[in-house]
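The lines below spell out each chain.
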Amino acid sequence: MNHEATQAVTPPLRRWRRPDAWRSGVVLTALILALPVLVVFAHLLLPSGEVWQHLRETVLRDYVFNSLLLMLGVGIGVLLIGVPTAWLVSLCEFPGRRLFQWALLLPLAMPAYIIAYTYTGMLDFPGPVQTQLRDWFGWGYGDYWFPEIRSLSGAVIMLSLVLYPYVYLLARAAFLEQSVCVLEVSRTLGNGPWAGFYHVALPLARPAIITGLSLALMETLADYGTVAYFGVSTFTTGIFRTWFGMGEPGAAAQLAAVLMSFVFVLILLERWSRRRARFHHTSNRYTQLPRYRLQGWRRSAALAACILPVLLGFLLPAIQLTAWAAGTTDVWMTPEFLRLTWNSLGLAAITAVLAVLLALFMAYGQRLRPAWSNTLALRVAGMGYAVPGTVIAVGVMLPFAWIDNTLDAWMRETFDISTGLVLSGTLVALVFAYCVRFLAVSLNTVEAALGKIKPSMDDAARSLGMAPNRVLRAVHMPIMRGSLLTAVLLVFVDVLKELPATLILRPFNFNTLAVRTFEMASDERLADAASAALAIVIAGIIPVILLSRTISRSRPGHDTTA
Amino acid sequence: MTQLLEVDNVDVAYGATTVVHQVSLELRKGLIGCLLGPSGCGKTTLLRAIAGFEPISAGEIRLDGTVVSRPDWTTAPERRQVGMVFQDFALFPHLSVAENIGFGIRHLSAREREARVTELLKLVGLPTYGNNYPHALSGGQQQRIALARAMAPRPRLLLLDEPFSSMDVELREELAREVRRILKQEQITAILVTHDQMEAFAMADRIGVVNAGRILQWDTAYNLYHRPGERFVADFIGQGKLLPGAVLNEHQVETELGIITGLVPKGCDIGDPVDVLVRPDDIRPDDQSHISGEVLDKAFRGASFLYTLRLASGGKVLCYAPSHDNFAVGERIGLKLAFNHLVIFPRA
């Protein structure tokens, strides 16, 4: 090659740097996704208006008190159900253990607001239980006392019944990860099963249990359907009432900000316990754990302890829903119900695909440019899962309404055209809110799958002449196909179940299965609500199956039949 | 004639740590070069800089005379036409062997692509494996497919990053010779990175000994062994001991073993204290000799023994002797000099 030719192809000395989409794009996406939470937090700094003063003097104490009481009750409830069942199925042997191992996860498929109204229908005055009692004893109205299910304690029980699987799941994983050596040493030192549980297994699993507990409490704070239906005044119902009852979005946002600070305490608790959990693995010997064989009354007690949560948290309400749905074919064998289902499935599918694409973009961006800014962006984008749907809805509504109003005013002034509501009154707002809330679900799955692909794969593809964005499509996406599908499914089901954000942000006259369930139940049309509720529950079983498959494979040396 | 690859005073840094210092090397078209050094010496980083995966912080890298790396410029790896074979092979698990090989030649027509894949499969000796998937192949087979895949687009330069390190030790040298045959047949210019000198000797035309981010010597295997330019090279390549001596004149050095003749490098004055490199094949047992050493240790190598000997002064040397002379540990044996190359390092 001659010298002139060489000079001609030499790159210029200084070149204008193009903005790097994989860096700035990821950070920008995270910022947009963080917008709702930032908007809500900004309201902490705004001067508090008269409404806020009024709230503080009247209902705020109730909100705080009831929310705390709810958390305390649910906290105790999920620990009492989750930890013992986890210990029984992972370290003891009794009939049906393998079945319970995954059956105990079933209540995850039951949204709290659905179980709440199902039990109301079963335990109310005209319900089957009280009717039966009256028949048996010849009682009439007012002759007897029956516990009121629509109360704070009722809400505690309902939420505990469907949220304990978080504790169960993490505690079970922690018990299984404990090395055989530690437990065997405990046995040789003369500790029986119960002493071993109390002195060795429980302390070792404590960080995992706290993580599960904080997840359950986040869900408790996020719950709207149950407390609204039971008429318990908490933050979430307060936000609704302040916004729609009193017409005060600003004060509602301030309430949301206070709720968020509760959530942040839980996030910190969760992070802290996760960090501690890392130091708890002392030995890596994973063999089939020798299980305590339970006999006699112990066996019966173990069986009862495992049957009850599954029965009360899933089977009974599911049977009741099925019975109701079977008796109300006129409700669901209609074009209207079909449209409802179509709305729900379509919305969930669009959001799920979008959330997974966003997760893919962000996780791959971080892989290409592992700068601190990208790592931080990923963590920020994943925060939404801890934020209650009500808070996100408030945080989406405020800026979107502002943008719509500004745009509309400008268009009117300039072109004399009214654009109306482009963002806030449409599905855009709803899908965006879902993405904010559920991106963490897809992000976790995609990040884990991407992490399993060796960096040399990327390098190999690039040295074969392929640019990074094509490498993602040609190499990573096909390899991760299974995980991407899982992520889509998980987001899909979460969206299907979501209630409060949908209630606030849905376009006028747009209904989903969750909204219809809640509305009918609120109108005391419990049986009519059952078909929509049942559809949600059935969809909810999908992630339970995925989850139980993952955990049965997660432990090295664990027999796959278990 | 222009060199195919020119690495010109290159630094590579991770943050504040410079891991490659002032490296220069040149490689002509058709030659196989090798970066040889202990693990962590920076050889893989240098290779990745040549491939375009790591930006450089000083100097310049040119391919065919074109600048591809400069502190303010890194041509993307996918635009360099530089192929790479990875330590873990990095075969795409979701693609068949044929699809893996065809990955880099997507721009060709289906027929041309198929012809090239068939040709390469034949070249690496696995003509019937096109429809298999990587996980069904043995390590050696994966290795060959990885090589075929990297060669498919006819890269200007092929880089091999420790390509034999996951192979059985017995297979490595054989595979290295096999790869050399293939590369030479296809007239491919290549650079190999390895820590195993037998691999380097079996494959490379030029070897650079790398230590602490620097190339100490860029030379043929023969010269690295017999004309090491630095103590590290003398120590790292082959076996040998340094024996103290003094310069007598321009072509003689006096040591405990006697006077050794050779070319004394310029800059050494008469009487200067020096260290003389004594390779195991530089001395032979000789019953007639008045110089002797005591056997400290012996290692059986089949055709020969490698003896470690202690001289009268306490200095140690190594000596290869045919294995029918079986001396016992503690025995004294007479020694004869058989130097062809005099290698001396001035003592500080």
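Remember, predicted model here, so these are calculated numbers, not experimental data.

Asks: What am I meant to see in the overall build of chain B here?
Replies: From N to C terminus, chain B includes eight helices and 21 strands. With respect to the principal axes defined by its C-alpha atoms, chain B has extents near 75 × 45 × 35 Å. Scored against the burial criterion, the 348 residues of chain B give a buried share of 41%. Within chain B, residue pairs in contact and separated by at least 24 positions form 65% of the contacts whose partners lie at least 6 positions apart.

Asks: Please explain the confidence of the model for chain A as it appears in this structure.
Replies: Caution is warranted with low-pLDDT regions, since their predicted coordinates should not be read in detail. Residues and elements named next belong to chain A. Looking at chain A, the pLDDT average stands at 84 and 90% of residues meet or exceed 70. Note on residues 1-16: pLDDT is under 50 here. Beyond four places in sequence and across chains, it has 12 contacts. Low pLDDT (under 50) marks residues 555-562, which in the prediction has 13 contacts with non-local residues, meaning those over four places away or in another chain.

Asks: Is there a simple way to explain helix α4 (residues 139-151) of chain B in this structure?
Replies: Two residues of an α-helix separated by three or four positions point the same way, owing to the 3.6 residues in each turn. Residue and element names in this part refer to chain B. Relative to the 18 Å expected for 13 residues at 1.5 Å per residue, α4 spans 18 Å between its end C-alpha atoms, a close match to the ideal helical length. Extensive coverage of α4 is indicated by the burial of 10 of its 13 residues. Of the residues making up α4, those classed as buried are Q142, Q143, R144, I145, A146, L147, A148, R149, A150 and M151. Here the buried face of α4 lies against β7 (82-85), α2 (97-102), α3 (110-123), β8 (157-161) and α5 (169-185).

Asks: Mind showing me how you'd approach the sheet that holds strand β15 (residues 273-278) of chain B here?
Replies: By way of backbone hydrogen bonds, the strands of a sheet pair with one another, either parallel or antiparallel. Residue and element names in this part refer to chain B. Taken in spatial order, the five strands of this open sheet run β14-β13-β12-β15-β21, and their pairing is antiparallel. In this open sheet, the two edge strands, each paired with only one partner strand, are β14 (258-261) and β21 (344-346). Within this sheet the neighbouring strands show an average axis-to-axis angle of 40°, counted without direction. Across four bridges, strand β12 (residues 241-249) lies against strand β13 (residues 252-255) in antiparallel orientation. Within β13, the residue paired with V247 across the bridge is V253.

Asks: Even after reading the chapter, I still don't get the interface of chain A and chain B, so can you show me in this structure?
Replies: How big an interface is tends to be stated in terms of accessible area lost as the parts join. Contact with chain A, which involves 20 residues of that partner, is made by 23 residues of chain B. In terms of residue count, the dominant contributor to the side of chain A that touches chain B is helix α20 (residues 455-463) of chain A (six residues). Classifying every residue of the side of chain A that touches chain B gives 11 nonpolar, five polar and four charged.

Asks: Please clarify how the sheet that holds strand β20 (residues 332-337) of chain B should be interpreted in this entry.
Replies: Residue and element names in this part refer to chain B. Judged by pairing direction, the sheet is antiparallel, and its five strands sit side by side in the order β16-β20-β17-β18-β19 without closing on themselves. Whereas interior strands pair on both sides, the edge strands pair on one side only; in this sheet they are β16 (283-285) and β19 (316-322). Going from strand to strand, the sheet's axes swing by 50° on average, the running direction of each strand aside. With seven bridges joining them, strand β18 (residues 304-310) and β19 adopt antiparallel strand pairing. The partner of T308 across the bridge, within β19, is L318.

The rules behind each value
Residues numbered from 1 in each chain as written. Chains lettered and ligands numbered in written order. Predicted model: local features only at pLDDT ≥ 70, side-chain atom pairs only at ≥ 80, totals over all residues. Helix = DSSP H or I, 4+ residues; strand = E, 2+ residues; numbered from the N terminus. Buried ≥ 20, exposed ≤ 12 C-beta atoms within 10 Å, placed from the backbone. Contact = placed C-beta atoms within 7 Å. pLDDT = per-residue confidence, 0-100. Expected span 1.5 Å × (residues − 1). Pairing = 2+ DSSP bridges. Axes fitted to C-alpha atoms, helices over the stretch in contact; angles between N-to-C directions. Nonpolar A, V, L, I, M, F, W, Y, C, P; charged D, E, K, R; others polar.

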